[in-house]
Amino acid sequence: MRVTVVGSGYVGTTLAACLADAGHDVTAIDIDRDVVDALNDGRAAIHEPGLDDLLAEHVDDRLRATTEYDSVPDADVTFLAIGTPSREDGSIDLGPLTAAAEMTGEALAGGGSGSGATPDDRHPVVVKSTITPPGVGEIGEALRAGAGDAADRVELATNPEFLREGSAVDDFQRPDKLVFGTDSEWATERLEILYEPLVAATDGDVSVIRTDPETAVMIKYANNAFLASKISLANDLGNICKQFGIDAYEVMDAVGLDDRIGAKFLRSGVGWGGSCLTGDQRVLAKDDEGTRFLTFEAFFDRYVDEDAALVDDVAVLSYDDNGNSTFKSVLGATRREYDGELRRIQTKMSKEVTVTDDHPMLVVEDGDLAVREAGSLTETDRLPVQTEVTVDPVGHFDLIDLVVDDPDFPTDEVYLKPDIDLSDRKDHLRNVLDGYNRRHSYDRVHEFARNNYLSLDVFLEFEDELEISRTDVSLYTTRGGGQTYVPAIVSADEAFWRFIGYYLSEGHVNDDESGHGSTTRRRVALSFHPTDEPEYVSDVESYFESLGIRHTTRQQETAMQIEVSSRIFARFLESLGCGTGSYTAALPDAVYQEPESHRKAVLSGLFRGDGHIEYPSHSNAVVYDYGSVSEDLIAGMQLLLHSIGVIPSYKTSTSEKSTKPAHFLRVSSSEQIDQLKELFLDADTAKIDRRLDSYARQVAPTGHTDGGTHTTVRVRDIETLDPDESVPVYSLEVADDHTFVTTDGLAVHNCFPKDVDAIRAAAREAGYEPALLDAAVAVNDGQPERMLELLDAHVDVADERVAVLGLAFKPGTDDVRNSRAIPIIEGLQARGADVVGYDPVATDNMHERFADVAYAESAAAALDGASAALVVTDWDEFAALDDAFDAMAEPVVIDGRRIIERRDGLTYEGLTW
């Protein structure tokens, strides 16, 4: 069929690409020329997995884009997929969609050369945009007004979308239902023909709902409302179960067996506020300067302004429902002191992550992702691990920029050797540097030309005028002969990354202060076996020679050492983050987004250096081992191996002579042995092949499972940790997928949930009025005022001392964000009360919010002389309060957490009991 899609945003682009993939001839219309040009170039203006592949496959064949409406009259179906933005009151703005409908009608009235222009034929215009039932009539009127005399041939239909960001292509191609909202049989038949390829691809296993246009759009709202209600009800029942001391997951597992209810979305709404990871866990972050594999502690210190509650523009590696890993923006991050139990979750292959008891963990159940609290995990659960990463190669490194930013390299003491002979360009040089030359008492230009060099300060000042490119020069810091030249531009090719692997395994930087000058000499040295590794030595020598870097190879009793004397090259390796020796070795952050061939190249250098190919004598198996004293290096290698689909096991070992543990990786399954054999020399590869060919059976991985969509590792042990003192824990809020990849490649869910207000805003922005969430927020926001009303019924607090017990939003934390104590204190101050607050750990944070409130050092001190007390946070110590209430002037207690014991002598009010 011939299809026109008006609007090339999120829905329209997905619709156009998927219909083209289904075999239809599709024209996409958009008013934005840049969007149209991108589509015609095979690129989407939005990011959606699989979408660019479909566009690239079908553009110029079954798919084209334009800014004109010329294709509308000749189409069999026209879709309206225009965005419906929200107004300030939350209602949707139908203006853009109305305008598009009117222009579509005008195009139909103008006629064309195809079936849509014939008087007897009728044309369905199908709304894909999110609109409310009343909006159907408004859009229909605009369409008919534009069509004029042709209005009787036009029918407005609706076909709501159920696409999730991150899986829209899959959702479209494998729908659970199709909803056709029409007013006539012919329009329904037209949609049935259009979608027949999708229905056939599912073997008919998709429900088709045929109804009127208004009912169709209401189905989408009802669908969303039911999901939200189901999650909210699961939350509510979970809270009740927790109050009763019942395992909510056991309850929900049983409830989910009822086919009238189903198991989905009964676990998706765990109360996640405040759950966090310890600071030694890692994330792969990406900013404008590239990627960084760093701990939460380092992430927080680098990107988070704690005082302003701001996070820099940074993304972290995230994990979606389809097992894909991409970078998603960090929307928020917090650090807080935590005083409670931690869970160290250890898996097969010795991967582990340490989290708070209520942290939401991703688990794979029946091939799909689910979310479970850390405290509920058992040894039967399987956790997903990351097995890929998006590619964004660095291309090259500019050592001039590196030197300019380094105070140890004054630019007048760094020199450039050009590849060309400056004496041949002396006239040009003199013309460009004439003004510079006059600043000196002698002819600097003549010196530059005669000795064929430039000082870096001169090059930087006149770079735009000189006929010399950065790719044409090498850098050095010592004049007078014997200097080492290093290219100003170093290509990040396979040879470079293999050298980096060699350096990380076998290299170090040595500082030599024995010279006569004031500047310390720095040498980069790589040490190989004195006789057994000539190929590796030759490989490194060839790399230095390709760059024109002067090096020395020395045969020593215990090693064959290759040495380069260059302050610049040593600083370059340090700037990459490679470290200066075995204890500080770490992978350069840039490598994580290099092409797979480059990632394998650095692994090749690593395994050739400190790796070992083991051929067990009792079998035909092959095992790859790698060991290092650098935990940072091993952590990075795990992430790198995961990114090419290899899941290594990990262990540590401490010898009697060592003060630091050694870390070991092992790869043992035959499939992954075969995948990595190219890292080694031809002779090794041949021996590995002989072993693999003689396997009586394929050796399956023993610690991880490739389930197609998700690769998983099984939980082996869950250790409960009870630190003697509070520890800092860290939270992230990640856009879209709400997940991130952390230490050892394990994927976990966001540390805290999306804010309810943000969900409501997003729902309205998509054209959905979230009445249920509004009601939930209204009830939640009304609870503090309800406590104050109960207080008003017993005492007039004007000029009276009132104690507020509990300032943190939950016990075990000093986090006061969203604390119910904030509106309580504001309400008391509005009533003229003299407020005194107490919290075991959150006083300092609340003092920043309310500097004019008095804070007591104990609950008893806060209660002393108070005319009333409001209990806001359920700290255990409040349950032990008894005689302290007798010191109150008026023992009125409003309990918001049902933690205070009723007794004679207290005027007690519970919030909801």
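Rules behind the numbers
Residues numbered from 1 in each chain as written. Predicted model: local features only at pLDDT ≥ 70, side-chain atom pairs only at ≥ 80, totals over all residues. Heavy atoms only, no water. Helix = DSSP H or I, 4+ residues; strand = E, 2+ residues; numbered from the N terminus. Buried < 20%, exposed > 50% of the residue type's maximum accessible area, 1.4 Å probe, protein only. Contact = heavy atoms within 4.5 Å. Areas by Shrake-Rupley, 256 points an atom, 1.4 Å probe, with all protein chains shown as cover. Pairing = 2+ DSSP bridges. Phe/Tyr/Trp six-rings, centres within 6.5 Å; stacked < 30°, edge-to-face > 60°. Axes fitted to C-alpha atoms, helices over the stretch in contact; angles between N-to-C directions. Parallel < 35°, antiparallel > 145°, perpendicular 65-115°, else oblique. Nonpolar A, V, L, I, M, F, W, Y, C, P; charged D, E, K, R; others polar. Polar contact = N/O pair within 3.5 Å; in protein donor to acceptor, adjacent residues only side chain to side chain. Expected span 1.5 Å × (residues − 1). Patch = residues over 30% accessible without salt bridge, like charges linked within 9 Å, V, L, I, M, F, W, Y side chains within 5 Å. Salt bridge = Lys/Arg side-chain N within 4 Å of Asp/Glu carboxyl O. Lys, Arg positive; Asp, Glu negative; His and termini not counted. Charge placed at Lys NZ, Arg CZ, Asp CG, Glu CD. 1 Å grid on protein atoms, 1.4 Å probe; cavity = no way out; pocket = protein on both sides within 12 Å on 5 of 7 lines; lining within 4 Å. Points joined across faces, edges and corners; volume = space filled by probe spheres on them. pLDDT = per-residue confidence, 0-100. Left-handed = near helix turned anticlockwise from the far one by under 90°.

## Section: the overall build of the protein chain
Scanning the protein chain for helices and strands turns up 28 helices and 45 strands. Expressed as a percentage of its 913 residues, the buried residues of the protein chain come to 51%. Taking contacts inside the protein chain between residues at least 6 apart in sequence as the whole, the part at least 24 apart equals 68%. When the accessible area of the protein chain is evaluated, it comes to approximately 41000 Å², of which 45% is carbon and sulfur surface.

## Focus: the sheet that holds strand β24 (residues 473-476)
Strand order across the open sheet formed by four strands is β23-β22-β24-β25, with antiparallel pairing between neighbours. Each end of this open sheet is capped by a strand with a single partner; those strands are β23 (454-455) and β25 (486-487). With four bridges joining them, strand β22 (residues 415-418) and β24 adopt antiparallel strand pairing. Each bridged residue has a counterpart across the sheet, and for K417 the counterpart in β24 is S474.

## Observations concerning the packing of aromatic side chains
Evaluation of the coordinates by the stated rule reveals 32 aromatic pairs. Relative to Y476, the ring of Y415 has its centre 5.6 Å away and its plane inclined at 40°; by these criteria the two rings are tilted. In this pair, Y415 sits in strand β22 while Y476 sits in strand β24, placing the two residues 61 residues apart along the sequence. We note that Y415, like Y476, is buried. Geometrically, the ring pair formed by F544 and F569 is edge-to-face, given 5.9 Å between the ring centres and 75° between the ring planes. Taken as a pair, F544 in helix α17 (residues 534-547) and F569 in helix α18 (residues 567-575) lie far apart in primary sequence, 25 residues in all. With respect to burial, F544 and F569 carry one shared label: buried.

## Focus on unusual backbone geometry
Phi at D60 takes a positive value of approximately 70°, unusual for a residue other than glycine. Within the element layout of this structure, D60 appears in the loop between α3 (51-58) and β3 (63-66). Judged by its relative accessible area of 69%, D60 is exposed. Phi at N452 is positive, roughly 55°, even though this residue is not glycine. By secondary structure assignment, the location of N452 is in the loop between α14 (444-451) and β23.

## Brief notes about the packing of helix α16 (residues 494-506) against α18
Interaxial distance between α16 and α18 falls to 12 Å at its minimum, and their mutual angle equals 85°. Taken together, the axes of α16 and α18 are roughly perpendicular relative to one another. Mapping the contact onto sequence places F496, F499, I500 and Y503 in α16 and F569, F572 and L573 in α18. Of the residues belonging to the contact of α16 with α18, the class tally is seven nonpolar, no polar and no charged.

## Notes on the side chain of T354
Topologically, T354 is positioned in strand β17 (residues 352-356). Those residues in contact with T354, other than ones at most four positions away along the chain, are L277, T278, Q281, L342, R343, R344 and L721.

## Details of the side chain of S318
You can see S318 is positioned in strand β14 (residues 315-319). From its side chain, S318 meets the backbone oxygen of T739 in a polar contact 2.9 Å long. With near-sequence residues (within four places) excluded, S318 lies in contact with N324, S325, T326, K328, V734, D737, T739, F740 and V741.

## Digging into the pairing of β3
Because side chains alternate across β3, one face comprises the buried residues L63 and A65, and the other comprises R64 and T66, none of which is buried. Here strand β2 (residues 25-29) runs beside β3; their pairing, made up of four bridges, is parallel. Bridge pairing links I29 to T66 in β3.

## Brief notes about helix α4 (residues 95-110)
Taking 1.5 Å per residue, 16 residues should reach 22 Å; α4 reaches 23 Å between its end C-alpha atoms and fits that length. Those residues of α4 that sit buried are L97, T98, A100, A101, T104, G105, A107 and L108. Looking at the buried positions of α4, the neighbouring elements they touch are β1 (2-6), β4 (77-80), β5 (123-127), α5 (133-147) and β6 (154-158). Two residues or fewer after α4 comes G111, characterised by a positive phi angle close to 80°.

## Examining the pairing of strand β11 (residues 290-295)
Regular strands have side chains that alternate between both faces of the sheet. Burial analysis of β11 places five of its six residues in the buried class, the great majority of the element. Looking at chain direction, strand β10 (residues 282-287) and β11 are connected through six bridges and run antiparallel. For K286, the partnering residue across the bridge sits in β11 and is T291. In this antiparallel pair of consecutive strands, β10 and β11, the connection spans two residues.

## Remarks on a negative patch on the surface
Taken together, D21, D52, D53, E57, D60 and D61 make up a surface patch of like negative charges. Here the negative patch gets three residues from one element, more than from any other, and that element is α3.

## So, the pattern of salt bridges
One pass over the full model with this rule turns up 41 salt bridges. Salt-bridge contacts for E596 lead to K600; the nearest nitrogen and oxygen are separated by 3.3 Å. Taken as a pair, E596 and K600 lie in helix α19 (residues 596-610) at a separation of four residues, close to a single helical turn. Among the residues examined, K600 registers a relative accessible area of 10% and is labelled buried.

## Comments concerning the sheet that holds strand β34 (residues 662-667)
The strands making up a sheet associate through backbone hydrogen bonding, with each pair oriented either parallel or antiparallel. Taken in spatial order, the four strands line up as β31-β32-β34-β33 in an open sheet, and their pairing is antiparallel. In the strand order of this sheet, the two ends are held by β31 (611-614) and β33 (649-653), each with one partner. Taken over all neighbouring pairs, the strand axes of this sheet differ in orientation by 25° on average, direction set aside. Pairing of β31 with strand β32 (residues 623-628), which is carried by four bridges, proceeds in the antiparallel orientation. Directly across from G611, in β32, lies its bridge partner Y626. Across the sheet, α19 touches β31 and β32, and the angle it forms with β32 is around 85°.

## Brief notes about the layout of surface pockets
Take a probe with the size of a water molecule and roll it over the atoms, and the empty space left behind shows itself. What the second largest pocket holds in volume is close to 740 Å³. Residue assignment for the lining of the second largest pocket shows that the elements contributing at least two residues are β10, β11, β21 (396-398), α11 (399-404) and α18. For the lining of the second largest pocket, a count of residues per class yields nine nonpolar, five polar and twelve charged.

## What to know about the confidence of the model for the protein chain
Low pLDDT means the predicted atomic positions in that stretch should not be read closely. Looking at the protein chain as a whole, the pLDDT averages 83, with 84% of positions reaching at least 70. Averaged pLDDT values for the elements of the protein chain fall to 43 in helix α23 (residues 756-765) and rise to 97 in strand β41 (residues 834-838). Here residues 263-274 scores under 50 on pLDDT; set against residues more than four positions off or in separate chains, the count is 38 contacts.

## Here we look at the environment of L19
Positionally, L19 belongs in helix α1 (residues 10-21). For L19, a relative accessible area of 1% corresponds to the buried category.

## A look at helix α20 (residues 631-643)
For α20, which comprises 13 residues, the first-to-last C-alpha distance of 19 Å matches the rise-based estimate of 18 Å (1.5 Å per residue) to within 8%. When you tally the buried positions in α20, you get eleven out of 13 residues, the bulk of the element. Taken residue by residue, α20 has L633, I634, A635, G636, M637, Q638, L639, L640, L641, H642 and S643 as its buried positions. Positive backbone phi, approximately 80°, marks G645, located one or two places after α20.

## Considerations on the packing of α16 against α17
In the contact formed by α16 and α17, the axes pass within 10 Å of each other and the chain directions differ by 130°. Overall, the two elements α16 and α17 adopt an arrangement that is oblique. Here the hand of the crossing between α16 and α17 comes out left-handed. On α17, the residues touching A495, F496, R498, F499 and Y502 of α16 are Y536, D539, V540, Y543 and F544. For the contact of α16 with α17, a count of residues per class yields eight nonpolar, no polar and two charged.

## Remarks on the environment of I400
On the secondary structure map, I400 appears in helix α11. Note on I400: relative accessible area 0%, which makes it buried. Along the sequence, I400 and P487 sit 87 residues apart, while their C-alpha atoms lie 9.4 Å from each other. When residues no more than four places from it in sequence are discounted, the contact partners of I400 are L416, L456, F459, L460, R470, V473, L475 and A488.

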